[in-house]
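Architecture and fold: a report
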Amino acid sequence: MTEHHSTRAVHAGEEKHKPDHTLTTSIARTSTFTFRDSAEIAAFMQEKAGGNAPFSRSEYGRYGNPTQAAAERKLADLEGGERALLFASGMAAISTTLLTLLSSGDHIILSRDSFYQTRELVDVLLSRWGIESSLVENDHPAAFAAAIRPKTRLMFVESISNPFLRVVNLPKIVEIARGHKLLTVVDSTFATPINMRPLEFGADIVIHSATKYLAGHNDLLAGAVIGSQAALADIAAVRRLLGGITSADDASLLIRGMKTLGLRVHRQNESGLRVARFLEKQPGIERVWYPGLESHPDYDIARQLMSGFGGVVSFEVKGDFEKAGQFVDSLKLPFIGPTLGGVESIILQPAALYSLDPFERKLAGMKDNLLRYSLGIEDAEDLIADLEQALKTAF
Ligand SMILES: *Cc1c(COP(=O)(O)O)cnc(C)c1O
């Protein structure tokens, strides 16, 4: 029986019959795991010598725990991967993956509008170990091909980028990467496995900031890496060394969050399209960035690859830095702050949180009048009515 996404989100990865007859997966809040006797240690060592990770148990909290393992199985199932690894944050997932796959002298190709801390990690930290990088335009597969060098190891792209929601032509990128025996790593945080599954298009590794849609409630930080057993084996080994693993408490919250992933994301897809269409018609709004709008540069590729376009709508208000701030202040529903993908709507003027210096903002390509609105699960009518009253107040 091939089950649909919400069915799998509820049931996958967890045993039907659990210890103590609980319905939910318990929180294994423990730093370590004990052995009954020396014979049990010997049996465990035999299993490990067989080499078929993941093993039936963990011996220490930094190597894994059963709550986290259940969340990993659920996520692997949703993304269509053989295995998932959870991390303490999206950045722990990204840094552990890149530190595993790249060595001194290697070269990585990164899309220019990648998450800014992914770029910073590559530019500032990995460069110290002699790892070189090229930044290329997300919408220009030929530029990825042109950037390949003899020591290029991998291409790192985002399925939907932030804040302009550019959708990468993943099948094309994968084709180029495979032609040169490179790995394709996709940060698919914005898409979620509900809207797009990069492994189906041939990507080797999918990464999430599970802090966002997967957890969905703005109450935890987590990251994930999903792929084949072979692709993840070394990353799992390095996670033991770097130690950026999720706690059992957060893994439990993540399991709970993922059960409603389909419900939430379908709702956010619907609201996203409605809000984007509404904003596009408003005289106070200069431009709307949403891949489900025909006016978005990646509308065609988004429709080919994705079944929904998500709950983030970026838009530019008519006016300057101050005007954009005034508009944000006129909204009554959303919280003001970074992050996205949760049940609560959150709006951010990215330039305001980036730098006080207009020149620095300009240099970084931050548009002063740009707002990123992450729609929660409130009713679209209310979100739109709120935007309507804010437009009247500010313009
Ligand atoms: C938030 C985010 C990250 C970083 O994740 P954290 O959980 O904050 O460490 C990475 N990539 C994308 C696309 C993000 O939105």
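Residues numbered from 1 in each chain as written. Predicted model: local features only at pLDDT ≥ 70, side-chain atom pairs only at ≥ 80, totals over all residues. Heavy atoms only, no water.

1. Concerning the site of the ligand
For clarity, the cut-off: In this text, near means that some heavy atom of the residue lies within 4 Å of the molecule or strand in question. N or O atoms within 3.5 Å of each other form a polar contact, as long as, within protein, one can give a hydrogen and the other can take it, and as long as residues adjacent in sequence are counted only when both atoms are side-chain atoms. Numbered from the N terminus, helices here are DSSP runs of H or I no shorter than four residues, and strands are runs of E no shorter than two.
With respect to spatial proximity, the complete set of residues near the ligand consists of Ser89, Gly90, Met91, Ile94, Phe115, Asp187, Thr189, Phe190, Ser209, Thr211, Lys212 and Ala222. Separating an oxygen atom of the ligand from a side-chain N or O atom of lysine 212 is a distance of 2.7 Å. Top contributing element to the shell around the ligand by residue count: helix H4 (residues 90-101), with three residues.

2. Overview of the domain arrangement of the protein
Spelled out, the test is: Throughout the structure description, domain borders are defined by an automatic or database domain assignment. Throughout, buried area stands for the accessible area (probe radius 1.4 Å) lost by two parts on being put together, summed over both. Salt bridges are defined by distance alone: a side-chain nitrogen of Lys or Arg within 4 Å of a carboxyl oxygen of Asp or Glu. Note on residue classes: Ala, Val, Leu, Ile, Met, Phe, Trp, Tyr, Cys and Pro are nonpolar, Asp, Glu, Lys and Arg are charged, and everything else, Gly too, is polar.
Taken as a whole, the protein is organised into domain 1 (5-30 + 65-259) and domain 2 (261-394). Look at where the C-alpha atoms of domain 1 and domain 2 centre, and you get two points 25 Å apart. Interface of domain 1 and domain 2: buried area, both sides summed, is about 2,800 Å²; carbon and sulfur atoms make up 62% of it. Three residues, Phe164, Asn195 and Tyr213, lead the burial of domain 1 against domain 2; their summed loss comes to 27% of the area buried on that side. Taken together, the connections running from domain 1 to domain 2 amount to one salt bridge. For aspartate 298, the salt bridge is made with arginine 166, and the minimal N-O distance between the two is 2.6 Å. The interface formed by domain 1 and domain 2 contains 17 residue pairs in polar contact (both at pLDDT 80 or more). Within the residue set of the side of domain 1 that touches domain 2, elements represented by two or more residues are helix H7 (170-179), helix H8 (192-195) and helix H10 (248-259). Counting residues per element, the side of domain 1 that touches domain 2 draws most heavily on H8, which supplies four residues. Grouping the constituent residues of the side of domain 1 that touches domain 2 by class yields 18 nonpolar, 10 polar and four charged.

3. Section: the sheet that holds strand S3 (residues 132-136)
Stated precisely, the cut-off is as follows: Paired strands, as defined in this entry, are two strands with at least two bridges between them according to DSSP. Only the stretch in contact is used when fitting a helix axis, every axis being a line fitted to C-alpha atoms; angles between N-to-C directions are given from 0 to 180 degrees. It only takes one pair of heavy atoms within 4.5 Å for two residues to be counted as in contact.
Across the sheet, which stays open at both edges, the seven strands sit in the order S1-S7-S6-S5-S4-S2-S3 with mixed pairing between neighbours. Edge positions in the open sheet fall to strand S1 (83-87) and S3, since each of these has one partner strand only. Strand-to-strand, the axes of this sheet are offset by a mean angle of 20 degrees, without reference to chain direction. Helix H9 (residues 229-242) contacts S1, strand S6 (205-209) and strand S7 (223-227) of the sheet and is inclined by roughly 25 degrees relative to S1.

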